[in-house]
Amino acid sequence: MTVHSPRFDLRQYQREWFANPRKDVLAGIVVALALIPEAIAFSIIAGVDPQVGLYASFIIALITAFLGGRPGMISAATGAMALLMTGLVKDHGIQYLFAATVLTGVLQVVFGWAKLARYLKFVPRSVMVGFVNALAILIFMAQLPQFVGANWQMYAMVAAGLAIIYLLPLVFKAMPSALVAIVVLTVVAVVTGADVKTVGDMGTLPTALPHFQFPQVPLTFETLAIIFPVALTLSLVGLLESLLTAQLIDERTDTTSDKNVESRGQGVANIVTGFFGGMAGCAMIGQSMINVTSGGRGRLSTFVAGAFLMVLILALQPLLVQIPMAALVAVMMVVAISTFDWGSLRTLTVFPKGETVVMLATVAVTVFTHDLSLGVLIGVVLSALFFARKVSQLSQVTPVDEVDGTRTYQVRGQLFFVSTHDFLHQFDFTHPARRVVIDLSDAHFWDGSAVGALDKVMLKFMRQGTSVELRGLNAASATLVERLAVHDKPDALDRMGGH
């Protein structure tokens, strides 16, 4: 496995640019073509002109090509980020969106320097699989509106596009089959005059490069109060999607990436796009998968995607507007099918029930809310609950009667808030032993709830006149018990009277 050094390595950086030039260029061209309708659609979702999403896609792709930590990943305007902007644009206008985009970038740079990406390890594999499968479903569902009111020509062209993408590689691999499908279907649509929707039908395209403009908002605390909540949400959702996408590409390409560098790169990209009339963006799972499946691996593919996007819009717009949406729909459907983890369906009955529930819950929440961050959050919370329940079941209390009439309770396992209920009920307070030893040599106390449960056990025996001795506490547990316990305090029975 190729490992990227956390320190800057010029030779490694050069390899990330030029190790795979031909495939990177061709893959980038395919991505650029697929970026246009999505950038326009996301602009509409956010309630802004199409050029805002297109400018963002162009700028973010170029900057992350240079500063990102995951070569080959495509970042641009996204649907998840667009959904979070609608209220701000509606209530305060587009200038506040530009200001929020700049602040989003600043927060992401701070998060990157703080190395918050390390917490990605708390996202379990079952959540990752659910995240990937939900994205595949959402990508597929996003193509369905194109069929509303469509004629037979639309269906025929999509079917032809799918056939080219899947069958061409069997006999010809010099060019990405997705690019060939787009070119062929465009030629067919123009020559035959097919009655199908084209890229030009999606909205008005810009005719000039973006220019620098400082957001026209008052520099006051009131403005900060308006944009900060939106910027914080955008920064967290953007980093979550970007880092999960980077991890997915790591797995698909058998390489690793620097997630903290990626966080800072995303931040710089959003700062710049906010000053050039663009909306906040992040990594795009669909476009990234198009890039990878088309052979893109290096930074050059990301750069070409952004640069060729502007070339298409500014220099080749007369040709661009004639590309049938059917061609792009076929490409995205193939991406959805290849993104879905079909192996996860075969293992539904093999994996532990808890992991299966987590995966299905992540998919369901993400698909029904169209909120990737919420789906991942629910998955992580469920995983934590199942893990806590499983660990709590590993603790046990075993009574052993000694010849001198002493009863020893041998406690094993991890004691924390989930396990305290079972811990309490494993002691027999009706046994006539005059002396009780609680042996904690094989136990560990993690929180105040566990110490509180120990207090209840100790004091209940003490009220009965039973002599109680604690034995075998490890150093960490002893420190916690000494700091929080009340059973060894002079007024312990009064303080715990309510228990």
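In the block above lies the structure referred to throughout.
Residues numbered from 1 in each chain as written. Predicted model: local features only at pLDDT ≥ 70, side-chain atom pairs only at ≥ 80, totals over all residues. Heavy atoms only, no water.

**Some thoughts on helix α2 (residues 21-46)**
Reasoning step 1: Taking 1.5 Å as the rise per residue, α2 with 26 residues should run 38 Å; its terminal C-alpha atoms sit 35 Å apart, in good agreement.
Reasoning step 2: Maximum bend of α2: about 30°, positioned at L35, with proline P37 one to four residues after it.
Reasoning step 3: Where α2 terminates, the next one or two residues include G47, which has phi positive at roughly 85°. (Helix = DSSP H or I, 4+ residues; strand = E, 2+ residues; numbered from the N terminus. Expected span 1.5 Å × (residues − 1). Bend = angle between axes of the 7 residues up to and from the residue.)

**As for the pairing of strand β4 (residues 406-415)**
Reasoning step 1: With respect to burial, β4 is a largely interior element, seven of its 10 residues being buried.
Reasoning step 2: Pairing of strand β3 (residues 396-401) with β4 involves six bridges; the strand directions are antiparallel. Counterpart to D401 in the pairing with β4 is R407.
Reasoning step 3: Here β3 folds back onto β4, and the loop between the two strands holds four residues, one of which, G405, carries a positive phi near 90°.
Reasoning step 4: Alignment of β4 against strand β5 (residues 435-445), held across nine bridges, turns out to be parallel. Paired with Q410 across the strands is D439, a residue of β5. (Buried < 20%, exposed > 50% of the residue type's maximum accessible area, 1.4 Å probe, protein only. Pairing = 2+ DSSP bridges.)

**Brief notes about the pattern of salt bridges**
Reasoning step 1: The full count for this structure, using the stated rule, is nine salt bridges.
Reasoning step 2: Close ionic contact of R70 with D250 constitutes a salt bridge, the shortest N to O distance being 2.6 Å. Here D250 lies in helix α9 (residues 221-253) and R70 lies in the loop between α3 (50-67) and β1 (75-76), a separation of 180 residues in the sequence. Each of the two residues, R70 as well as D250, counts as buried.
Reasoning step 3: Among the salt bridges present, the one from R125 reaches E251, with a minimum N-O distance of 4.0 Å. Within this pair, whereas R125 is found in helix α6 (residues 125-143), its partner E251 is found in helix α9, the two being separated by 126 residues in sequence.
Reasoning step 4: The class for E251 is partly exposed, based on a relative accessible area of 45%.
Reasoning step 5: Connected through salt bridges with shared partners, the residues R70, D250 and K259 form a single ionic network. (Salt bridge = Lys/Arg side-chain N within 4 Å of Asp/Glu carboxyl O.)

**Focus on the sheet that holds β5**
Strand pairing within a sheet occurs via backbone hydrogen bonds; the two strands may be parallel or antiparallel.
Reasoning step 1: If you walk across this open sheet you meet the four strands as β3-β4-β5-β6, and the pairing is mixed. The outermost strands of the open sheet, each flanked by one partner alone, are β3 and β6 (467-471). Sheet twist, expressed as the mean angle between neighbouring strand axes with direction ignored, is 20°.
Reasoning step 2: Running over the sheet, helix α19 (residues 448-463) touches β4, β5 and β6 and is turned about 175° from β5. (Axes fitted to C-alpha atoms, helices over the stretch in contact; angles between N-to-C directions. Contact = heavy atoms within 4.5 Å.)

**Considering the environment of L67**
Reasoning step 1: Inspection of the secondary structure puts L67 in helix α3.
Reasoning step 2: Along the chain, L67 and A269 lie 202 residues apart, while their C-alpha atoms are 8.5 Å from each other.
Reasoning step 3: Non-local contacts of L67, meaning those with residues more than four positions away in its chain, are made with V261, G265, V268 and R299.

**Describing the environment of V30**
Reasoning step 1: On the secondary structure map, V30 appears in helix α2.
Reasoning step 2: Sequence separation of V30 and I63 is 33 residues, and the distance between their C-alpha atoms is 19 Å.
Reasoning step 3: With sequence-adjacent residues up to four places away left out, V30 is seen in contact with P176, A178, L179, I290 and S294.

**Remarks on the nonpolar core**
Reasoning step 1: L33, M279 and L320 are the most contacted members of the largest nonpolar core, which totals 114 residues.
Reasoning step 2: Each residue touching L33, except ones within four places of it in the same chain, is listed here: L179, I182, L312, L320, I323 and L328.
Reasoning step 3: Counting 23 residues, the second-largest nonpolar core is a separate cluster that includes F423, F427, L440 and A443. (Core = buried A, V, L, I, M, F, W, Y, C linked by side-chain atoms within 4.5 Å.)

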